[in-house]
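Residue-level structure breakdown
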Amino acid sequence: MALAVHRDREWVIRNATGRKFVYESAEQAFEELHEYGEGVTVGTREVYRGMFRTKPGTDWQPVSPPDPVRHSDD
């Protein structure tokens, strides 16, 4: 019997004191960003998820917030 392992991404908000809050998507992380005050950063990394384990595939990489969507009438 083989165990299924799949590649995925994790998103994290790190506050000014270094505490980390993990999210499942970039959208979730950036929606919550304003709640953590100044000095926060968002990062992402590739992970491999198995039945009971998550193993990092890459180190945390900083991510810039997405550009706000501009409407054509602006």
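Let me begin by describing the structure that accompanies this report. Computed from a predicted model, the values in this text were never measured in an experiment. (Residues numbered from 1 in each chain as written. Predicted model: local features only at pLDDT ≥ 70, side-chain atom pairs only at ≥ 80, totals over all residues. Heavy atoms only, no water.)

Turning next to the pairing of strand β1 (residues 6–14). Both β1 and strand β3 (residues 41–49) contribute to a ladder of 9 bridges, which runs antiparallel. Looking at β3, one finds that H6 is bridged to R49. Connecting β1 to the next strand, strand β2 (residues 20–23), in antiparallel fashion are 5 residues, including G18 with a positive phi near 95°. (Pairing = 2+ DSSP bridges. Helix = DSSP H or I, 4+ residues; strand = E, 2+ residues; numbered from the N terminus.)

Taking burial as the measure, the 9 residues of β3 include 7 buried ones, the bulk of the element. Examined bridge by bridge, β3 and strand β5 (residues 61–63) share 3 bridges and lie antiparallel to one another. Looking at the pairing, G43 lines up with P62 of β5. With 3 bridges joining them, β3 and strand β4 (residues 54–56) adopt antiparallel strand pairing. Note on β4: the bridge partner recorded for R49 is T54. Following β3, the chain reverses through 4 residues before pairing antiparallel with β4. (Buried < 20%, exposed > 50% of the residue type's maximum accessible area, 1.4 Å probe, protein only.)

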